[in-house]
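Observations on the three-dimensional arrangement
So you can see what is in the structure, the chains are spelled out below.
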Amino acid sequence: MTQSKEDIRNKQLKQLKLAENNWEKEQDELILYQKLFMTTEWKNAQNIGITISQAEEIDTKPIILKALLEKKEVYIPKTLPKRKMVFVHLKSEINIKRNNMGILEPVEPYETIEKRMLELLIIPGVAYSKSGDRIGYGGGFYDRYLFNFSGDVIALADRIRYFEKCAWKIEETDIKIPKILSI
Ligand SMILES: Nc1nc2c(c(=O)[nH]1)N(C=O)[C@@H](CNc1ccc(C(=O)N[C@@H](CCC(=O)O)C(=O)O)cc1)CN2
Ligand SMILES: Nc1ncnc2c1ncn2[C@@H]1O[C@H](COP(=O)(O)OP(=O)(O)OP(=O)(O)O)[C@@H](O)[C@H]1O
């Protein structure tokens, strides 16, 4: 059955909220981190773009820590008007505040990185299919950013987020995710 992205997004958000403190989620995360760190994309990337996760998302803090320990540079997204997004260098001096959506974002002054310099983007999402389809929070920020992005792209899907078959209607602007790590 094909449903709208909006329907699946809402159902997923409900389920993810209920499961956010479950050990099963943490178990899945431990497996996904190990899979990520074994990829050549991870090993080769010096500049990494990644979000600061919300409670129901895959926890990105262990990934950020590992990147920093490996002396990689970490960049986090900042949303701008017109659904634009830039990536900001994560360093100790930067200020991070909750925006009106509840998402943690850097506030100025900050240093951004050019898109072509980002080597690996680890992207967030609430649902993924085996064939590379993705549903996010619904801002369309990543579809726009990925449109002319040439670096590597990886998503992490725990058991709740992963669909064997795409159950929703795909839009023309949806960009396929080339590598989805799953359990
Ligand atoms: N942790 C984390 N940070 C992230 C993202 C994410 O998914 N996770 N993003 C991933 O993209 C960006 C922020 N995403 C956003 C997605 C939607 C809206 C928003 O305003 N949503 C409206 C509905 C939008 C619409 O109808 O077009 C709303 O819910 O009211 C804002 C930011 C950047 N930072
Ligand atoms: N490249 C684009 N150009 C114009 N409109 C776009 C583009 N990408 C997405 N959109 C529009 O933005 C809206 C939200 O997109 P979508 O539902 O794919 O968001 P999402 O991928 O879930 O969110 P996000 O990428 O922020 O995590 C849709 O109406 C979609 O048509």
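Scroll up to find the structure this text is about.
Scope of this entry: the structure provided in the associated data block. (Residues numbered from 1 in each chain as written. Chains lettered and ligands numbered in written order. Predicted model: local features only at pLDDT ≥ 70, side-chain atom pairs only at ≥ 80, totals over all residues. Heavy atoms only, no water.)

1. As for the site of ligand 2
- Taken together, 16 residues sit near ligand 2, with Lys 5, Arg 134, Gly 136, Tyr 142 and Asp 143 positioned nearest.
- Here Tyr 137 contributes a backbone N or O atom positioned 3.4 Å from an oxygen atom of ligand 2.
- At 3.2 Å, a backbone N or O of Gly 139 approaches an oxygen atom of ligand 2.
- In the complex, the protein chains occlude 73% of the 640 Å² of accessible area that ligand 2 would expose alone.
- Looking at the shell around ligand 2, the elements that each hand over two or more residues are helix 1 (5–19), strand 9 (134–135) and helix 5 (141–146). (Near = heavy atom within 4 Å. Polar contact = N/O pair within 3.5 Å; in protein donor to acceptor, adjacent residues only side chain to side chain. Areas by Shrake-Rupley, 256 points an atom, 1.4 Å probe, with all protein chains shown as cover. Helix = DSSP H or I, 4+ residues; strand = E, 2+ residues; numbered from the N terminus.)

2. Description of the nonpolar core
- Ranked by size, the top nonpolar core spans 22 residues in total, and within it Leu 36, Trp 42, Ile 48, Ile 63, Leu 120, Ile 122 and Leu 156 carry the most contacts.
- Those elements that provide at least two residues to this core are helix 2 (23–38), strand 1 (47–50), helix 4 (61–69), strand 2 (73–80), strand 7 (120–123) and strand 10 (152–157).
- It is helix 2 that contributes the most residues to this core, 4 residues altogether.
- Residues contacting Ile 122, with those up to four places away along its chain left out, are Leu 36, Trp 42, Ile 48, Gly 49, Ile 50, Thr 51, Ile 63 and Ile 154.
- Among the nonpolar cores identified, the runner-up in size contains 17 residues, and Tyr 75, Met 85, Leu 146 and Ala 155 belong to it. (Core = buried A, V, L, I, M, F, W, Y, C linked by side-chain atoms within 4.5 Å. Buried < 20%, exposed > 50% of the residue type's maximum accessible area, 1.4 Å probe, protein only. Contact = heavy atoms within 4.5 Å.)

From the geometry alone we can't say anything about function, so treat these as descriptive.
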